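# Breakdown of the fold
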Amino acid sequence: MTDISILDERKKQIFTKGNDDFEMKCESQSVSGSVSQRACVFCGSRVVLYPIADALHLVHGPIGCAAYTWDIRGALSSGPQLHRLSFSTDLRETNVIFGGEKKLYAALTQLIEMYKPKAAFVYATCIVGVIGDDVDSICRKVTEETGIPVIPVHSEGFKGTKKDGYAAACQALFTLFDNFSPNMDEKPKFAINILGEFNIGGEAWIIKEYYRRMGVNIISVMTGDGRVDDIRNAPLASLNVVQCSGSMTGLAKMMKEKFGIPYIQVSYFGVEDTAKALYDVAEFFGDAELLKNTSEMIKAEIAEIHPEVLSIRRQLEGRKAAVYVGGAFKAFSLLKALKNIGMDVVVIGSQTGAKEDYKTLKEICDPGTIIVDDASSLELAKFIIEKKADLVIGGVKERPIAYKMGIGFCDHNHERKIPLAGFEGMLHFAREVRNTVLSPVWKLFPARNEVKKESSGKAA
Amino acid sequence: MLLRHTPTEIKERSALSINPAKTCQPIGAMYAALGVKGCLPHSHGSQGCCAYHRSTLTRHYKEPVMAATSSFTEGSSVFGGQSNLVQAIDNIFTIYNPEVIAVHTTCLSETIGDDLTQITRKAHEEGKVPAGKHIIYASTPSYVGSHVTGFANMVKGMVNCLSEKTEVKNGKMNIIPGYVEPSDMEEIKRIASEMGISTIMFPDTSNVLNGPQTGRYHMFPRGGVSVEDLKSTGDSMATIALGKTASSAAALALETKCGVKCDILDLPIGLHGTDRYVDALRKMACVSVPDSINRDRGQLVDVITDMHQYFYGKKVAIAGDPDQLIALTEFLVSIDMYPVHVVTGTPGKQFEKTILDLTKHLPVKVNVKSHSDLFMLHQWIKNEPVDLLIANTYGKYIARDEDIPFIRYGFPILDRVGHSYFPTVGYKGGLRLVEKILDAILERKDRDAPEENFELVM
């Protein structure tokens, strides 16, 4: 496995700190023929928008696009569950030939009558882009007829990378503000929007509770446990707090331009980053009471988890981790959090990192660390073996590969069931890493034990 | 709670699918391709398709699923994907070094009119295919048929691209197992081998997607039908194709191409289905049925008779793939259960007629629909409740909402394991099905029993 070759085209996407000196090539399409882990524009739009629970999400395309994204991400809602159903125009051959506009219109009107949603998002898939359905005009027509915002999401899969899907989603969210202006005289005190938080495993609820205790008002969360009306009131906020920078910075910029709302980038993963995020918000408002609440709360929260995290750290000290995630910002936080529990990061990569992100990664990781952009499973496996990792952090497709190599795994993407955000999230994370890295199941493999015996024999 | 908004009143929906009971062709093609030894499936289209198919298969089988993509851009969708595919073929053989690349199309590459026959010929002409390596391909537009159609097309692609006739008979029997689990393929093979018949099964995902843990990661696992065997299918004595929707296309193509006679049967699920499979093997290979197989059969019949008091008149709703539903319906009817709602997402008129024929003597009305969805199934259940639901993972929403005992069956199963290790085909598989049905029904009986009726012996 360690002797696989790397395509010449990909050599500038793999960097070893201390050995190499070049600027990472990134944000490009995967090379044809590679076993890429990446998804498409549609996927980007879909994951950002679908947590809006009282909106209708209609996928305009053949059945697959809707089937594969049916309730796959565990974005929890405290109320309506409309977002978790799967609606598709199920385009057939005749629609591809004669166009799918009539079908789209019929589907939209029928669904809106049946579910009375607050808004509807229509996702245009690859095929719709090719056959040229005028999705915009159908959406306009249905908006006029039903009175709810019906918003086209231009997420044709081939139009770029997942990042372009985020941009399309931001555009769609921004459209929600059209023809709707909240009463700006009634701006609440210390009010923020949380952007780029999708409530996987209930994380938005943890974060909201911190802010409540600090005395900060949340106007909307985009889009975890999201509601259309809350989002439309978002201009009432004084600050946008962006977590998933890759997906939501675009919207924050648009809102800054149109409503003058400033934004900051934060992360709620790990003790340091969570504390910094909350302090940053408190300092933005600069209120003494608010600052005092924040600092007391953070101290209490850290005191609560500290002893156990420390004991886990003692168990994990010196173990090695390989991290491969979607966005680069997530990678920064993971790196810090892993250091916090005593682990060395030996491989780190992302699917959608930008040049700036990779610069930061190069600065904060240890010498010898391999940094990769858009890696294939095979490359990952190669690096993981070379670097003798004890833990892989990744998504769906990485899990069985890690297991096949007899290495612990922790999901930091769609299959997460426990919340990893905030202080309690850090404790969950530490426990999960410990449980998998130190699991006795890794001793059950004949091959792995043989290898260990061989190598220890040689050493002797 | 998730489905609390499902209205009881049924309205005609011509333009809309809610909660699909199928998915699209390419994933079926990818699954079939994984059943060829040393094969890397290749998705000719946008990156997303490949990523979704790999994720779904990974979740279902809990095994690494590798596949490459042509990574279409806006340019490819305008100028055609030929250069992407030729470059992809070159790259794949250079880096991953598979024995075979199995290319399937997506809705995008189909619509812009990419011709795989012509493109793969070009790749050969340009020397992108190293000596001794192969490309197989199938056209699998997502807007036609379903994942089962995609499977059928890729299996047919194996015949079209590789099967040869050399006039020297190989003395083997071809078996096309249908869109079933790796465990099922293994059991279908085992039955034939128990009868002393040498077989070529294609595709064969056993030992690929249910292989053992060795502590080493192999991009190409040991299992799968080899290219040599696939070529040799043209010299076999006959073909048994299991499941009309998934397997008949390849069987008929092989008959036309190499003159290998075929027998197309239902999937060997339950007693009668397995009887017909065993009998076809017996006749075509001129062998007698060994005692071991008779014993397996006898055990299944024994358990059914022991427990039949819990089956009769129980209403069942089932959703899944057409081949499986037909075989399952026959089995349920044979043990005196009533499949009252039968839904497949895969289009096909013949399906409805077959199910109605199988259930026509039942004293209840049977609802059956092809090219339908789980929303329709849910509405039917609301109007006519059932005692048991058999469906893929997504059925769990309906089961919870309506509080119905539930058995996971079919594709995909994302939240349980076992399906890829324990067969539901053959007599042994029948035994497992009966066990699952009984467990579901009797556990409910226990759960609902008032304290004074909660009994030890059932």
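If you're wondering where the values come from, they're calculated on a predicted model, not measured in any experiment. (Residues numbered from 1 in each chain as written. Chains lettered and ligands numbered in written order. Predicted model: local features only at pLDDT ≥ 70, side-chain atom pairs only at ≥ 80, totals over all residues. Heavy atoms only, no water.)

### Some remarks on the overall build of chain B
Tallying secondary structure elements over chain B gives 17 helices and 14 strands in all. Relative to the globule expectation of 23 Å for 458 residues, the C-alpha radius of gyration of chain B, 23 Å, shows essentially globular dimensions. Considering only C-alpha atoms, chain B reaches an extent of 80 × 55 × 45 Å along its principal axes. Of all 458 residues assigned to chain B, the portion counted as buried reaches 61%. For chain B, the accessible area works out to roughly 16,800 Å², and carbon and sulfur atoms hold 50% of it. A gap of 3 Å separates the mean positions of the 47 positive and 52 negative side-chain charges of chain B. (Helix = DSSP H or I, 4+ residues; strand = E, 2+ residues; numbered from the N terminus. Rg over C-alpha atoms; globule rule 2.2 N^0.38 Å. Buried < 20%, exposed > 50% of the residue type's maximum accessible area, 1.4 Å probe, protein only. Areas by Shrake-Rupley, 256 points an atom, 1.4 Å probe, with all protein chains shown as cover. Lys, Arg positive; Asp, Glu negative; His and termini not counted. Charge placed at Lys NZ, Arg CZ, Asp CG, Glu CD.)

### Some thoughts on the pairing of strand β14 (residues 408-411) of chain A
Residues and elements named next belong to chain A. Side chains of β14 alternate between two faces, with G408 and C410 and F409 and D411 buried alike. Sheet topology note: the strand β13 (residues 391-394)/β14 ladder contains 4 bridges and is parallel. In the strand pairing of β14, G394 is matched with D411. (Pairing = 2+ DSSP bridges.)

### Description of the pattern of salt bridges
All names here are of chain B. Taken as a whole, this structure holds 45 salt bridges over all chains when the rule is applied. With its nearest N and O atoms 2.9 Å apart, the salt bridge here joins E187 to R190. Linking E187 with R190, this pair stays in helix α8 (residues 182-194), spanning 3 residues, or about one helical turn. Between D415 and K396 there is a salt bridge, with its nearest N and O atoms 2.9 Å apart. Of the two residues, D415 sits in the loop between β14 (406-408) and α17 (426-448) while K396 sits in helix α16 (residues 395-402), which places them 19 residues apart along the sequence. A relative accessible area of 22% places D415 in the partly exposed class. Take K396: its relative accessible area is 33%, and that puts it in the partly exposed class. Taken together, the shared-partner salt bridges connect E187, R190, E194, D296 and K428 into one network. (Salt bridge = Lys/Arg side-chain N within 4 Å of Asp/Glu carboxyl O.)

### Considerations on the sheet that holds strand β4 (residues 119-124) of chain A
Here we have 5 strands laid out as an open sheet, ordered β5(A)-β4(A)-β2(A)-β3(A)-β1(B), and mixed in their pairing. Either end of the sheet is taken by a strand with one partner, and the two such strands are β5 (150-154) of chain A together with β1 (17-18) of chain B. Sheet analysis places β4(A) next to β5(A), joined by 5 bridges and oriented parallel. Looking at β5(A), one finds that V122(A) is bridged to P152(A). On the sheet, helix α4 (residues 101-115) of chain A packs against β2 (55-60), β3 (87-88), β4 and β5 of chain A together with β1 of chain B and is oriented at approximately 160° with respect to β2(A). The sheet strands contacting helix α7 (residues 162-175) of chain A are β4 and β5 of chain A, and the helix crosses β5(A) at an angle near 165°. (Contact = heavy atoms within 4.5 Å. Axes fitted to C-alpha atoms, helices over the stretch in contact; angles between N-to-C directions.)

### Structural notes on the environment of T436(A)
All names here are of chain A. As for its placement among the helices and strands, T436 is situated in helix α17 (residues 422-437). Residue classification places T436 among the buried positions, given a relative accessible area of 11%. Ignoring sequence-local partners within four residues, the contact set of T436 consists of L391, G408, F409 and W442.

### Some details on the confidence of the model for chain B
Per-residue confidence for chain B gives a mean pLDDT of 95, with 100% of residues at or over 70. The complex model carries a pTM of 0.95, and its ipTM stands at 0.95. (pLDDT = per-residue confidence, 0-100.)

### Thoughts on the layout of surface pockets
In this structure, the second largest pocket occupies an estimated 830 Å³ of space. Considering the residues around the second largest pocket, the lining is formed by 30 residues, among which E415(A), K417(A), R59(B), L414(B) and D415(B) are closest to the centre. Put simply, the parts of the chain that give the lining of the second largest pocket at least two residues each are α16 (399-404) of chain A together with α2 (47-61) and α16 of chain B. For the lining of the second largest pocket, the residue count by class is 10 nonpolar, 7 polar and 13 charged. (1 Å grid on protein atoms, 1.4 Å probe; cavity = no way out; pocket = protein on both sides within 12 Å on 5 of 7 lines; lining within 4 Å. Points joined across faces, edges and corners; volume = space filled by probe spheres on them. Nonpolar A, V, L, I, M, F, W, Y, C, P; charged D, E, K, R; others polar.)

### Points about the environment of I305(A)
Residues and elements named next belong to chain A. Summarising the element assignment, I305 is placed in helix α12 (residues 288-316). Residues I305 and G250, spaced 55 residues apart in sequence, show a C-alpha to C-alpha distance of 35 Å. For I305, the contacting residues outside a window of four places in its chain are V271, F423, E424, M426 and L427.

### So, the sheet that holds strand β9 (residues 262-265) of chain B
All names here are of chain B. Pairing is parallel in the open sheet, where 4 strands are placed in the order β7-β6-β8-β9. Looking at strand neighbours, the two that pair on one side only are β7 (199-201) and β9, the edges of this open sheet. Taken over all neighbouring pairs, the strand axes of this sheet differ in orientation by 20° on average, direction set aside. Two elements, strand β8 (residues 238-242) and β9, share 4 bridges in a ladder whose sense is parallel. Looking across to β9, one finds that I240 is bridged to D263. Across the sheet, α8 touches β6 (173-176), β7 and β8, and the angle it forms with β7 is around 170°.

### Some details on the packing of helix α11 (residues 271-285) of chain A against α17(A)
Residues and elements named next belong to chain A. With their axes 9 Å apart at the nearest point, α11 and α17 run at an angle of 170° to one another. Relative to α17, the element α11 lies roughly antiparallel. On α17, the residues that touch V271, T274, A275 and L278 of α11 are G422, F423 and M426. Within the contact of α11 with α17, the residues separate by chemical class into 5 nonpolar, 2 polar and no charged. (Parallel < 35°, antiparallel > 145°, perpendicular 65-115°, else oblique.)

### Section: the environment of D403(B)
All names here are of chain B. If you trace the backbone, D403 turns up in the loop between α16 and β14. A relative accessible area of 40% places D403 in the partly exposed class. Each C-alpha atom of the pair D403 and L388 lies 9.7 Å from the other, and the pair is 15 residues apart in sequence. In contact with D403, not counting residues within four places along its chain, are I398, R444 and R447. A polar contact is formed between the side chain of D403 and the side chain of R447, at a distance of 2.9 Å. (Polar contact = N/O pair within 3.5 Å; in protein donor to acceptor, adjacent residues only side chain to side chain.)

### Concerning empty space enclosed by the protein
Taken as a whole and assessed by the stated rule, the structure comprises 9 cavities of 30 Å³ or more. Considered as a void within the structure, the largest cavity measures approximately 460 Å³ in volume. Considering the residues around the largest cavity, the lining is formed by 36 residues, among which Y68(A), I72(A), Y52(B), S55(B) and R59(B) are closest to the centre. It is α2(B) that provides the largest number of residues to the lining of the largest cavity, a total of 5 residues.

### As for the packing of aromatic side chains
Tallying each qualifying case throughout the model produces 22 aromatic pairs over all chains. Between the aromatic rings of F42(A) and Y52(B), the centroid separation amounts to 6.5 Å while the plane-to-plane angle is 65°, which identifies the pairing as edge-to-face. Of this pair, F42(A) sits in helix α1 (residues 41-49) while Y52(B) sits in helix α2, placing the two residues on different chains. Of the two residues, F42(A) and Y52(B), both sit in the buried class. Measuring from centroid to centroid gives 6.3 Å for Y211(A) and Y268(A), while their planes differ by 85°, and the two rings are edge-to-face. Of this pair, Y211(A) sits in helix α8 (residues 203-214) while Y268(A) is found in the loop between β9 (263-265) and α11, placing the two residues 57 residues apart along the sequence. Its relative accessible area of 0% is what places Y268(A) among the buried residues. Joined through ring pairs, the aromatic side chains of Y31(B), Y61(B), F151(B), Y179(B) and F411(B) make up one cluster. The ring of Y123(A) is capped by R46(A), whose NZ or CZ atom sits 5.4 Å from the centre of that ring. Between K362(A) and the ring centre of F15(A), over which it is positioned, the NZ or CZ distance is 4.2 Å. (Phe/Tyr/Trp six-rings, centres within 6.5 Å; stacked < 30°, edge-to-face > 60°. Lys NZ or Arg CZ within 6 Å of the ring centre and 35° of its normal.)

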